[in-house]
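# Descriptive analysis of the structure
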Amino acid sequence: MAEKQQTLDANGKPYNRTMMMVAIILGLFMSVLSSTMLATAYPTLMDSFDVSTSTVQWLTTGYMMVNGGVMIPISAWLISRFGSGALFNTAMFFFLGGSILAWTATSFGMLFAARVIQAVGAGIAMPVAQTVLLSIYPPDRRGGAVMGMMGLAIGLAPAIGPTLSGWLIDNYNWRALFSTLIPFTILALVVGLIFNKKVLATKKSNLDWISAAESTLGFGLLLYGFSQVGDNGWGGDPTVIAPILIGVIAIAIFVYRQLHLENPFLELRVFKTRDFTISAILSSDVNMAMVGVEMVLPIYLQTIRGDSALESGLTLLPGGALMIGIASPITGRLFDKYGGAKHLATAGMILLTLGTIPFLFLTKETPLLFIIVTYCIRMLGVGMVMMPTSTAGMNALPTNMISHGTAVNNTARQVASSVGTAILISILTNVTKDDMPAKHVLHNNPLVYKEGAQNAVLNGYSAAFSIAVLFCLVGWGLSYLLKQKQTVGGDK
C-alpha cells in the first residue's frame, strides 16, 4: 500500500500545510480588516483629535501608500532573500506592534505613526500570503483551497469592517478598533511561529535602495500634493503644485530606471502584454471608484443624516455581502465557462456607473433604503469587474512573469486607491469651503447660515461623487478594450 506523500519545506522537512494556511489566512484577514474598518470612524476621530476631513483621511491613504507604494514593491525581493515563514511572522510582529501603539495613542501624530507600522506588516503579509499559498498547493487544488480561502479573507474583511467599526465605536470608543485586532493577531502569530515554515528557496541579493527611494519619494509626494488640495485649493498653491510635480518627475525617473535594470526592483515589462496592461489599469480605476466612495459615504451618513457609526456601517454591509456572496462566485464560474472577461467587465461597469450616479443627488431627506439599494448595485458591479479582470490579466502573462505581475498589480491598486481617496476627500473639502456662506451671515441670520452651510456640505459631496462617476465612465470605456477570448500565457 502506497504511503501518503508528505509535504516538505525548502529544507526537506515535513510540515503541516493546513495549519500553515490557517495561520496565514488569519493574519491576512486581520491586515485587510484594518485597512477598511476606519471608514465609519472618521467623524469620531475628527472630534477626538480636532482634525479636518482632509487630515483624518491620511489614516487610510497613508496606510495604503506605505502598503502599496513602499512595502509591496519590496516584497518580491524580501521573499527571494529571506525565508517565507519567518518573513510572514515578521509581518505579524510589525502589525501587532502598530495595533498596540494605535490602541494607546494620545495624539493624531502617534496614531498616524501606528498606522504606518501596521501598513509595513500588511504590505509584507499580502504578497507573501499569495506567493506561499500558491506554492504549497498543486495547481488542481489552487482554485478551491487557495483562491477560495484568500478570496474569503480579502472579501469578507472589507464587508464587515465598517459595520464592526460602527458597533465598536457606538458601544465602546475608537480605541476598541485596535484593541480588538490585538488578540487575533497574537493568535495568528503564535500559530505562525509553530507552523509557518520556509517553503520557498532563497538567494543572497542586494536591495536596489535607489529604486526604493525613488518609489517612496515619487508616490509619497504625489499623494501628499493631492491631500493638500482640501486645505489649500487648486489655485496654484505651492504646497499642492510642488509635491505633485516633483512626485511625477520622481516616478518618471523610477520607471526609466526599472526598464533599464537587468533585475529591476519592480518588473514593469509586464506592461508589454496588452491584456495585462488593460486589466491592471481597469482594476486600478475600479479601486479608485470603490474605495473613495467607501471613505466618503459614511461621513455623509453621520454628518448630514445624523446616523450613528453602527448605522452607517450597516448601510454598507449588504453591498459588501452581495459582492462576496453572489457576484464573486457567480462571475468566477461564468469566467471559467466562457473564458473571457470583456462581457462581464462591461456589464459590471454599467452597474457600477448606474449605482454611483444617484449619489450626486443626495440630500438630508434621501431615504436610507434608496442609499442601500444603490450601494448594492454599485458593489455588484465591482464584484463583476474585479475577479474576471484580474484573472484575465494574469492569464495573459507567461508563467515566469506571474509573480512580477502580481507585485505590479497590487502596487497599482494600492496607489490608485490612495490617490482616488485623496482626490475625493480634497474635492469634498474644497467645494464645501468655497460654498460656505460668509461669516457675517452667522451673526445676522443664524438660520440662513445653517441652511447655507448644509447646502455647501451637500455640494461638496455631490462634487466628490461626480469624480467617482468620472472614474466609472473611464472604466466603462476601458472594459470594451478587453478580449472575450484570450490566449493564455501571453498576448503579443
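No experiment lies behind these values; they were computed from the predicted model shown.

### Let's talk about the overall build of the protein chain
Secondary structure summary: the protein chain contains 18 helices and zero strands in total. Within the protein chain, residue pairs in contact and separated by at least 24 positions form 82% of the contacts whose partners lie at least 6 positions apart. Accessible surface, the protein chain: about 20700 Å² in total, of which carbon and sulfur atoms supply 66%.

### Overview of the packing of aromatic side chains
The way to describe two aromatic rings as a pair is by their centre distance and the angle between their planes. Enumeration according to the criterion identifies eight aromatic pairs in this entry. A ring pair is formed by Phe49 and Phe108, whose centres lie 6.1 Å apart and whose planes are at 70 degrees; its orientation type is edge-to-face. Residue Phe49 is found in helix α2 (residues 42-49), and its partner Phe108 is found in helix α6 (residues 108-136); the two are separated by 59 residues along the sequence. Like Phe49, the residue Phe108 is buried in the burial classification. An aromatic cluster is defined as three or more aromatic residues linked by ring pairs; in this entry it consists of Phe49, Phe108, Trp174 and Phe178.

### Describing the side chain of Thr346
In this fold, Thr346 is placed in helix α14 (residues 342-356). A relative accessible area of 9% means that Thr346 is categorised as buried. Within the structure, Thr346 has its side chain in polar contact with the backbone oxygen of Lys342 (distance 2.8 Å). Once you skip the residues sitting within four places of it in the chain, Thr346 turns out to touch Trp476, Ser479 and Tyr480.

### Some remarks on the pattern of salt bridges
In the structure shown here, the tally under the stated rule is four salt bridges. For Asp208, the salt bridge goes to Arg257, with nearest N and O atoms at 3.1 Å. Residue Asp208 is found in the loop between α9 (181-195) and α10 (209-232), and its partner Arg257 is found in helix α11 (residues 238-260); the two are separated by 49 residues along the sequence. Relative accessible area serves as the criterion here: at 25%, Arg257 is assigned to the partly exposed category. With a closest N to O distance of 3.0 Å, Asp275 and Arg274 form a salt bridge.

### Describing a nonpolar patch on the surface
A cluster of nonpolar side chains, contributed by Phe93, Ile186, Val190, Leu193 and Ile194, occupies part of the molecular surface with about 470 Å² of accessible area. The biggest single contributor to the nonpolar patch is α9, with four residues. Tracing the backbone shows Phe93 in helix α5 (residues 84-103).

### Some remarks on the nonpolar core
Among the nonpolar cores identified, the biggest contains 134 residues, and Leu45, Leu111, Leu297 and Tyr300 are the most heavily contacted of them. Sorting elements by how many residues they give to this core places helix α12 (residues 274-303) first, with 16 residues. In this view, Leu45 contacts Leu38, Asp50, Val51, Val56, Leu59, Leu111 and Trp174; residues no more than four positions away in its chain are not counted.

### Thoughts on the environment of Ala412
Structurally, Ala412 is set in helix α16 (residues 402-435). With relative accessibility at 24%, the residue Ala412 sits in the partly exposed group. Sequence separation between Ala412 and Ala280 is 132 residues, and the spatial gap between their C-alpha atoms is 7.3 Å.

### Focus on the packing of helix α1 (residues 17-36) against α5
Relative to each other, α1 and α5 sit at 35 degrees, their axes nearing to 11 Å. The element α1 and its partner α5 pack so that their crossing is left-handed. Every residue of α5 that contacts α1 at Ala23, Ile24, Gly27, Leu28, Met30, Ser31 and Ser34 is listed here: Phe88, Met92 and Phe95.

### Thoughts on the confidence of the model for the protein chain
A low pLDDT means the predicted coordinates there should not be read in detail. For the protein chain, per-residue confidence averages 80 on the pLDDT scale, and residues scoring 70 or more make up 84% of the total. The weakest mean pLDDT in the protein chain belongs to helix α7 (residues 139-171) at 68; the strongest belongs to helix α8 (residues 176-179) at 93.

### A closer look at the side chain of Ser283
When you line up the elements, Ser283 lands in helix α12. Given the relative accessible area of 1%, Ser283 is considered buried. Those residues within four positions of Ser283 in sequence are excluded, and the remaining contacts are Met386, Thr389, Ser390 and Arg413.

### Some details on the packing of α1 against α9
Closest axis-to-axis distance for the α1/α9 pair is 9 Å, and the angle between their directions is 150 degrees. One way to sum up the angle between α1 and α9 is to call them roughly antiparallel. The way α1 lies across α9 gives a crossing that is left-handed. Contact residues: α1 offers Met19, Met20, Ala23, Leu26, Gly27, Met30, Leu33 and Ser34, while α9 offers Leu181, Phe184, Thr185, Leu187, Ala188, Val191, Gly192 and Phe195. A class-by-class count of the residues in the contact of α1 with α9 yields twelve nonpolar, four polar and no charged.

What counts and what doesn't
Residues numbered from 1 in each chain as written. Predicted model: local features only at pLDDT ≥ 70, side-chain atom pairs only at ≥ 80, totals over all residues. Heavy atoms only, no water. Helix = DSSP H or I, 4+ residues; strand = E, 2+ residues; numbered from the N terminus. Contact = heavy atoms within 4.5 Å. Areas by Shrake-Rupley, 256 points an atom, 1.4 Å probe, with all protein chains shown as cover. Phe/Tyr/Trp six-rings, centres within 6.5 Å; stacked < 30°, edge-to-face > 60°. Buried < 20%, exposed > 50% of the residue type's maximum accessible area, 1.4 Å probe, protein only. Polar contact = N/O pair within 3.5 Å; in protein donor to acceptor, adjacent residues only side chain to side chain. Salt bridge = Lys/Arg side-chain N within 4 Å of Asp/Glu carboxyl O. Patch = residues over 30% accessible without salt bridge, like charges linked within 9 Å, V, L, I, M, F, W, Y side chains within 5 Å. Core = buried A, V, L, I, M, F, W, Y, C linked by side-chain atoms within 4.5 Å. Axes fitted to C-alpha atoms, helices over the stretch in contact; angles between N-to-C directions. Left-handed = near helix turned anticlockwise from the far one by under 90°. pLDDT = per-residue confidence, 0-100. Parallel < 35°, antiparallel > 145°, perpendicular 65-115°, else oblique. Nonpolar A, V, L, I, M, F, W, Y, C, P; charged D, E, K, R; others polar.

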